[in-house]
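# Observations on the three-dimensional arrangement
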Amino acid sequence: MNEFKPFEDKLAGLIANLSPAARRRMTAEIAKQLRSSQQQRIKRQQAPDGTPYAARKRQPVKGKKGRVKREMFTKLRTNRYIKAKGTNEAAVVEFAGRVQRMARVHQEGLRDKPNKYSEVVQYEVRPLLGFNKEGINLVEEIISRFLS
């Protein structure tokens, strides 16, 4: 049995006592803060556990000349693609639109075609969204601020 179960039950009761509007504000704040922390972590090219992302594969000789100078996921980490929303029940941070498929391929390390003319490529696992100690502390801090 989880030793924090009584504490979690008490906390759930306190959150349930908040008005629906206050819960919505709280979850929206949690979602915005989590999105911001996820964006910063993606910018640092780190997985939630702190390990660096797997490096890009070398391009074939007949490809572009020179090296790729951009970081991975520069556009993907913008507010346009990472959506944050809070409801009465949950705080949600997710990829929106057509980038969901690409994000899932990198998140889980699946196989995909980079474009319709290329061969199928096996991608390395690069977790884009996930929880770490910093995220959990952030959520706890926001909940305690709303309850006090």
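Residues numbered from 1 in each chain as written. Predicted model: local features only at pLDDT ≥ 70, side-chain atom pairs only at ≥ 80, totals over all residues. Heavy atoms only, no water.

### Re a positive patch on the surface
Taken together, the side chains of Arg56, Arg70, Lys75, Arg80 and Lys83 make up a positively charged region of the molecular surface. If you trace the backbone, Arg80 turns up in the loop between helix 2 (20–43) and strand 1 (82–86). (Patch = residues over 30% accessible without salt bridge, like charges linked within 9 Å, V, L, I, M, F, W, Y side chains within 5 Å. Areas by Shrake-Rupley, 256 points an atom, 1.4 Å probe, with all protein chains shown as cover. Salt bridge = Lys/Arg side-chain N within 4 Å of Asp/Glu carboxyl O. Lys, Arg positive; Asp, Glu negative; His and termini not counted. Charge placed at Lys NZ, Arg CZ, Asp CG, Glu CD. Helix = DSSP H or I, 4+ residues; strand = E, 2+ residues; numbered from the N terminus.)

### Regarding the pattern of salt bridges
On inspection of all chains with the given rule, the structure shows 4 salt bridges. A salt bridge links Arg77 to Glu71, with the shortest nitrogen-to-oxygen separation between them at 3.3 Å. Relative accessible area serves as the criterion here: at 15%, Arg77 is assigned to the buried category. With relative accessibility at 37%, the residue Glu71 sits in the partly exposed group. Here Asp112 makes a salt bridge to Arg101, at a shortest N to O gap of 2.7 Å. Residue Asp112 is located in strand 3 (residues 111–112), and its partner Arg101 is located in helix 3 (residues 99–108); the two are separated by 11 residues in the primary sequence. Since its relative accessible area comes to 16%, Asp112 is described here as buried. (Buried < 20%, exposed > 50% of the residue type's maximum accessible area, 1.4 Å probe, protein only.)

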